[in-house]
Number of protein chains: 2
Amino acid sequence: MHVLVLGAAGMIGRKLTARLVADGHVGGRALDRLTLADVVAPERPAGTDGDVALVAADLAAPGEAGRLLAGRPDVVFHLAAVVSGEAEADVDKGYRVNLDGTRELLDAVRAAHEADGYRPRLVFTSSIAVYGAPLPDPIPEEFHATPLTSYGTQKAIGELLLADHTRRGWVDGIGVRLPTICIRPGRPNQAASGFFSSILREPLVGEEAVLPVPESVRHWHASPRSAVAFLVRAAALDGEQVGPRRTLSMPGLSATVGEQIEALRRVAGERAVRLIRHEPDPAVMRIVETWAPALEATRALALGFTAEASFDEIIRVHVEDELGGSLPA
Amino acid sequence: MHVLVLGAAGMIGRKLTARLVADGHVGGRALDRLTLADVVAPERPAGTDGDVALVAADLAAPGEAGRLLAGRPDVVFHLAAVVSGEAEADVDKGYRVNLDGTRELLDAVRAAHEADGYRPRLVFTSSIAVYGAPLPDPIPEEFHATPLTSYGTQKAIGELLLADHTRRGWVDGIGVRLPTICIRPGRPNQAASGFFSSILREPLVGEEAVLPVPESVRHWHASPRSAVAFLVRAAALDGEQVGPRRTLSMPGLSATVGEQIEALRRVAGERAVRLIRHEPDPAVMRIVETWAPALEATRALALGFTAEASFDEIIRVHVEDELGGSLPA
C-alpha cells in the first residue's frame with residue numbers, strides 16, 4: 001500500500017508518519033511505499049529503509065496536487081493547513097492554503113479518477129472550529145457549522161467539498177473533526193488555543209507558563225497520540241458504514257482549565273502548578289469563549305474511535321511520548 | 001440609492017426588478033439608479049424612465065465582478081445561479097457559476113472595501129437544498145447543512161463565505177434560504193422540483209401535467225411574490241438584529257402534493273384536477289424524498305418575513321400575477 005501524507009512536516013504529520021512506519025501497515029494492508037509532502041521537504045522518518053519519497057510542494061499551486069498523485073497513493077492524509085491564528089491574521093494565505101489547496105487536491109483526485117478510475121481513501125482533518133457560539137453543551141451531532149473564524153470557515157467548506165466529491169464517486173473521503181490537541185509538544189504555534197498546552201507542557205519541565213483565561217473555561221481535548229489514532233482509524237473505515245455525511249466529530253475529553261491544573265498537581269505536584277501565571281487577556285478570552293465545550297461524538301464512538309478519559313491520562317501520554325517516560329528530577 | 005441585481009434576467013430577477021421599480025424605494029430610500037446584470041443583458045423593465053443600466057456579464061470571469069461594482073451599488077442582490085438539475089448534470093458549470101462566481105463577487109466587494117471603505121448590503125439567495133436527508137420534520141434552525149446535491153453544496157459554501165466576509169467587515173451580507181418557489185411561471189427549467197409547479201400551472205390553463213411522485217410527498221413552498229418580498233425585506237434588515245449567523249431560513253408553507261391538488265380542485269374544479277397524469281418516476285422520487293418537508297423559520301418570522309398560509313393563496317397569487325386575475329373560460 002502506498003500512503004501520501006500532505007502536511008507531513010507538521011506536528012501531527014510527523015507523529016502520524018512515525019506511527020505508520022512503526023505499524024508497517026494500514027488497516028492490515030502492508031505499507032510498502034510512503035510519500036511525505038509539505039511546503040518544506042519533510043525529514044526522512046527514523047526506523048525505515050523502505051520506499052520513502054520526501055517532497056517539497058505547495059498544494060495550492062496549479063498542477064502540484066496532480067504531481068503528488070502521480071504515484072496513485074491508496075490513502076491520502078490531508079493535514080496541510082494554516083492554523084487558526086495565522087489564518088485569521090493572514091486572510092489571503094489562509095484561504096489560499098486551506099480552501100484553494102483542498103480544492104486543488106480534490107480536483108486533482110477527480111481528474112485522476114476520470115483518467116483511470118483512481119479513487120483513493122482521502123482522510124481530511126477538519127476541526128471543532130467549524131462551530132461558533134452560541135453553542136449548546138454538548139454540541140449534538142446534527143448541530144450546524146457557523147464558524148466565527150476564517151479557519152473554521154475554510155474547514156467547513158472543505159467538509160462540504162469532500163462530501164460532494166465522495167457522493168460523486170470521485171474520491172472516498174472521510175473528514176475527522178479533531179478536538180483541540182493537548183498537550184501539543186514543542187514551541188507554541190499561532191493557534192489561539194496554545195495556552196491549553198503550555199500551562200501543562202512548560203510546568204512539567206520546570207518552566208513558567210501564562211494562563212490568559214479563567215480556570216472555569218471548559219473545552220474539548222485529545223492527545224496527539226489520539227489524534228494520530230483517529231487518522232489511522234479513518235484510513236481503514238468502511239465508507240458504507242459512514243454514509244453520505246462524511247465528516248465525523250471525534251471523541252475527546254471535556255475539561256475545565258481548573259481540571260487540567262488539578263491533573264497537573266496530581267502528576268507533577270504543587271511546585272509545577274505554581275509555575276502557571278494568571279494573566280487574563282480579554283482578546284484571547286473573546287476568542288476562546290466562542291469555542292466548543294463538549295461534543296456528542298456518538299457516530300465516531302460507534303465506529304470505534306476513542307479518546308482519553310482524564311487529563312491525568314493526557315499528561316501521561318505527553319510524559320511517555322515527549323519526555324522519555326519520566327519527569328525531569 | 002443604487003441597486004445592482006445579478007441574475008436579473010431570471011424569473012425571480014425580473015419579478016424583483018418589477019417590484020423595485022413599482023415601489024420606487026428600498027427600505028424607504030429612494031431608488032434612483034438600477035443596474036441589471038445577467039449572462040445575457042436583461043430587458044429594460046417596464047414603467048421606468050430612470051437611470052437603468054443593462055449589462056451582460058459573466059460573474060465568474062476574472063475582473064467582471066469588479067466592473068459591476070464600479071458604480072458602488074448600495075444594495076447588491078446576488079441571484080445569479082445555475083439551478084439544481086443543471087448543476088448536477090454539468091458539474092463544472094455549477095461550480096464555476098455558483099461557487100467561483102460567488103467568491104469572485106465577495107472578493108471584488110472586499111477589494112472595493114479595501115480601496116475606499118465601500119460596504120454594500122449583499123442579499124444572497126441560498127436554498128433549502130443545503131439540507132440533505134435524513135431530515136427531522138420540521139428542520140430546526142440549528143440543523144446542519146449536509147447537502148446531497150452539488151447545487152446544495154455550492155449554496156452552503158456561499159453561506160459560509162458570506163458570513164466570514166461579513167464578520168471581517170468587508171460586506172454587509174444577508175443570506176436567504178428560499179423554499180421551493182411555487183407556482184413557478186413559464187416553461188419548466190432543469191430543477192428537479194419542477195413538477196410541484198407544473199401540476200398546478202398547466203391544469204389552470206387547461207393543459208396536462210405529469211406528477212412523478214406520490215401525493216403523500218410533503219414539501220416547503222412559497223410563491224414567487226413571497227420570494228421577492230423576502231429579498232426586499234432582506235435588503236432593508238438591520239444587520240445588528242441578524243447577528244453573525246447571516247443566513248436566514250425563510251418561512252414557507254408545508255404541504256403535501258395531495259393538499260396542492262385539493263387546493264387546485266377548490267380554485268379550478270375537478271376538470272383541472274383530471275389533467276394531472278400520475279406517472280411515478282423512481283429517479284425523481286429518489287431526489288425528492290431527500291428534501292425538506294418543513295422548516296422552523298423562527299428567526300425570519302421574528303424579523304418580519306412572512307409567506308402564504310395555504311395553497312389556495314399560492315394559486316391565487318399565480319392567477320393574479322400571471323393570468324391577469326382570472327382563469328381562462
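In what follows, the structure referred to is the one given above.
Source: prediction; values computed, not measured.

About the criteria used
Residues numbered from 1 in each chain as written. Chains lettered and ligands numbered in written order. Predicted model: local features only at pLDDT ≥ 70, side-chain atom pairs only at ≥ 80, totals over all residues. Heavy atoms only, no water. Least-squares fit on C-alpha atoms with pLDDT ≥ 70 in both. Contact = heavy atoms within 4.5 Å. Phe/Tyr/Trp six-rings, centres within 6.5 Å; stacked < 30°, edge-to-face > 60°. Helix = DSSP H or I, 4+ residues; strand = E, 2+ residues; numbered from the N terminus. Buried < 20%, exposed > 50% of the residue type's maximum accessible area, 1.4 Å probe, protein only. Lys NZ or Arg CZ within 6 Å of the ring centre and 35° of its normal. Pairing = 2+ DSSP bridges. Axes fitted to C-alpha atoms, helices over the stretch in contact; angles between N-to-C directions. Polar contact = N/O pair within 3.5 Å; in protein donor to acceptor, adjacent residues only side chain to side chain. Buried area = accessible area lost by both parts, 1.4 Å probe. Salt bridge = Lys/Arg side-chain N within 4 Å of Asp/Glu carboxyl O.

Student: Please explain the relation of the copies chain B and chain A as it appears in this structure.
Tutor: Both copies of the chain are placed relative to one another by a rotation about an axis and a shift along it. The transform that puts chain B on chain A rotates by 180° and translates by 0.0 Å along the axis, for an RMSD of 0.0 Å. Taken together, the rotation and translation relating the two chain copies correspond to the operation of a two-fold axis. Relative to the rotation axis, the closest C-alpha in chain B is found at His 144 of chain B, a distance of 1.8 Å. A high fraction, 100%, of the interface residues of chain B reappear at the interface in chain A, so the copies pair face to face through one surface.

Student: What should I look at first to understand the packing of aromatic side chains in this one?
Tutor: Two aromatic rings, taken as a pair, are described by how far apart their centres are and by the angle between their planes. Counted under the stated rule, the structure contains eight aromatic pairs over all chains. Relative to Phe 143 of chain B, the ring of Tyr 131 of chain B lies with its centre 6.3 Å away and its plane at 50°, an arrangement referred to as tilted. Of this pair, Tyr 131 of chain B sits in the loop between β7 (121-127) and α5 (150-167) while Phe 143 of chain B sits in the loop between β7 and α5, and the two are twelve residues apart along the sequence. Seen from their ring centres, Phe 196 of chain B and Trp 291 of chain B are 6.5 Å apart, and the 35° between their planes marks the pair as tilted. Highlighted residues: Phe 196 of chain B in helix α6 (residues 194-204) and Trp 291 of chain B in the loop between α10 (282-288) and α11 (298-302), separated in sequence by 95 residues. Residue Trp 291 of chain B is classed as buried on the basis of its relative accessible area, which comes to 18%. An aromatic cluster of at least three residues, connected via ring pairs, comprises Phe 195, Phe 196 and Trp 291 of chain A. A cation over an aromatic ring shows up here: Arg 110 of chain B above the ring of Trp 170 of chain B, its NZ or CZ 4.3 Å from the ring centre. Lying across the ring of Phe 305 of chain B, Arg 233 of chain B places its NZ or CZ 5.9 Å from the centre.

Student: So what exactly am I meant to see when it comes to the sheet that holds strand β12 (residues 247-249) of chain A here?
Tutor: One key point about sheets: their strands pair by backbone hydrogen bonds, in either a parallel or an antiparallel sense. Residues and elements named next belong to chain A. Spatially, the seven strands line up as an open sheet ordered β5-β4-β1-β6-β7-β8-β12, and their pairing is parallel. The outermost strands of the open sheet, each flanked by one partner alone, are β5 (51-56) and β12. Each strand axis lies, on average, 15° off the axis of its neighbour in the sheet, ignoring direction. Relative to β5, strand β4 (residues 33-38) runs parallel, the two being bridged by six bridges. Across the sheet, the residue bridging to Ala 37 is Val 55, located in β5. Contacting β1 (2-6), β6 (75-78) and β7 (121-127), helix α4 (residues 91-116) runs over the sheet at an angle of about 165° to β7. Its contacts with the sheet place helix α7 (residues 224-236) against β6, β7 and β8 (172-178), and it is angled at close to 145° to β7.

Student: What should I look at first to understand the side chain of Ser 150 of chain A in this one?
Tutor: In this fold, Ser 150 of chain A is placed in helix α5 (residues 150-167). Of the polar contacts made by the side chain of Ser 150 of chain A, one reaches the side chain of Asp 164 of chain B; its length is 2.6 Å. At 2.7 Å, the side chain of Ser 150 of chain A and the side chain of Arg 168 of chain B are in polar contact. Excluding anything up to four places from it in sequence, Ser 150 of chain A contacts Ala 87, Glu 88, Val 91 and Tyr 95 of chain A together with Asp 164, Arg 167 and Arg 168 of chain B.

Student: What is the right way to look at the environment of Val 123 of chain A in this model?
Tutor: All names here are of chain A. For Val 123, the location among the structural elements is in strand β7. Sequence spacing of Val 123 and Leu 79 is 44 residues, and the spatial spacing of their C-alpha atoms is 8.3 Å. Not counting the four nearest positions on each side in its chain, Val 123 is found in contact with Val 76, Phe 77, His 78, Ile 174, Leu 231, Ala 234 and Ala 235.

Student: Hey, could you run me through the interface of chain B and chain A in this one?
Tutor: How big an interface is tends to be stated in terms of the accessible area lost upon association of its parts. Listed as interface residues are 34 residues of chain B and, on the opposing side, 34 residues of chain A. Taking both sides of the interface into account, the surface hidden between chain B and chain A amounts to around 2,800 Å²; carbon and sulfur atoms contribute 49%. In terms of surface lost to chain A, no three residues of chain B exceed Arg 103, Leu 160 and Arg 245 of chain B, which account for 22% of the buried area on that side. Where chain B meets chain A, there are eight salt bridges. For Arg 110 of chain A, the salt bridge identified is with Asp 92 of chain B, shortest N-O distance 2.8 Å. Along the contact surface separating chain B from chain A lie 30 residue pairs in polar contact (both at pLDDT 80 or more). Put simply, the parts of the chain that give the side of chain B that touches chain A at least two residues each are α3 (84-89), α4 (91-116) and α5 of chain B.

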